[in-house]
Amino acid sequence: MIPKKLLILVAVVVVVVGLGVSLPLVFLLGGSPSTGSPEGTAELYFEAMEDRDAGKLVDTMYIETEAQREAAIDYAENSFGYIKSASVSNLKTEVTSQTDTTATVKATCDYKIEYTDQGHTLGLQDEEATGEIMRFDLQKVDGRWLITNIY
């Protein structure tokens, strides 16, 4: 799993690059987790990050134009290039608030990340954490729950 600092950095930069404004990031997953529920979207986010799959990651975002989507994918692919391996375990998600169109999910997990030599050259240090907590704000768009903020 990618450390919280890098996850938030990727999220913020993808949002800024992808949307051109501070409208935050949104993610979706396939297979078992899906954007059909707020918790599923949060789980999909971690799956995409662990898989270092820029397309999957960006496909879960609320992005207004194809040009913004392509810029976000390029940035995510570049960022993932610094990661040798990432793993997440003991993931637990909980909806802490929800309306018909918005939700907040608290996610707790353990993660480990190893950077490439190029990542180390940039000053990135391998990281490992237990009980990392992240929160996701989500909005329901066309029947899908999409992440609009990560903190």
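Residues numbered from 1 in each chain as written. Predicted model: local features only at pLDDT ≥ 70, side-chain atom pairs only at ≥ 80, totals over all residues. Heavy atoms only, no water.

### So, the pairing of strand β2 (residues 102-115)
Both strand β1 (residues 83-98) and β2 contribute to a ladder of 12 bridges, which runs antiparallel. Of the residues in β2, the one forming a bridge with E94 is K106. Where β1 hands over to β2, the hairpin turn is made up of 3 residues, counted between the paired strands. Pairing between β2 and strand β3 (residues 127-141): 11 bridges, direction antiparallel. Within β3, the position partnered with I113 by the bridge is E127. (Pairing = 2+ DSSP bridges. Helix = DSSP H or I, 4+ residues; strand = E, 2+ residues; numbered from the N terminus.)

### Some words on unusual backbone geometry
At R52, a position not held by glycine, the phi torsion is positive, near 55°. Summarising the element assignment, R52 is placed in the loop between α2 (38-51) and α3 (54-59). You will see that N90, though not glycine, has its phi angle at about 55°, which is positive. Mapped onto the fold, N90 is located in strand β1.

### Thoughts on the pattern of salt bridges
Throughout the structure, instances matching the rule amount to 3 salt bridges. Between D51 and K56 there is a salt bridge; the shortest N-O distance is 3.1 Å. Classification of D51 by relative accessible area gives partly exposed; the value is 43%. Salt-bridge contacts for E66 lead to R69; the nearest nitrogen and oxygen are separated by 3.9 Å. Of this pair, E66 and R69 both sit in helix α4 (residues 66-80), 3 residues apart, which is roughly one turn of the helix. The exposure class assigned to E66 is partly exposed, which follows from its relative accessible area of 47%. Connected through salt bridges with shared partners, the residues E47, D51 and K56 form a single ionic network. (Salt bridge = Lys/Arg side-chain N within 4 Å of Asp/Glu carboxyl O. Buried < 20%, exposed > 50% of the residue type's maximum accessible area, 1.4 Å probe, protein only.)

### So, the confidence of the model for the chain
Chain-level pLDDT for the chain is 82 on average; 79% of the residues reach the 70-or-more range. The lowest-confidence element of the chain is helix α1 (residues 4-19), averaging 45 in pLDDT; the highest-confidence one is β2, averaging 97. Low pLDDT, under 50, characterises residues 12-31; the stretch is placed with 74 contacts to residues that sit more than four places away or in other chains. (pLDDT = per-residue confidence, 0-100. Contact = heavy atoms within 4.5 Å.)

### Things to note about the nonpolar core
Within the largest apolar cluster, 31 residues are counted, with the highest numbers of intra-cluster contacts made by Y45, F46, L57, F80 and F136. Listing elements by their share of this core, those giving two or more residues are α2, α3, α4, β1, β2, β3 and β4 (144-150). Among the elements that make up this core, the one with the highest residue count is β2 (7 residues). (Core = buried A, V, L, I, M, F, W, Y, C linked by side-chain atoms within 4.5 Å.)

### Structural notes on the sheet that holds β4
Within a beta sheet, neighbouring strands are joined by backbone hydrogen bonds and run either parallel or antiparallel to one another. Taken together, 4 strands build an open sheet; the order of strands is β1-β2-β3-β4 and the sheet is antiparallel. Both outer strands of the open sheet, β1 and β4, are each paired with one neighbouring strand and no more. Looking at each pair of strands side by side, their axes are set apart by 35° on average, direction ignored. Note: β3 against β4, 6 bridges, orientation antiparallel. (Axes fitted to C-alpha atoms, helices over the stretch in contact; angles between N-to-C directions.)

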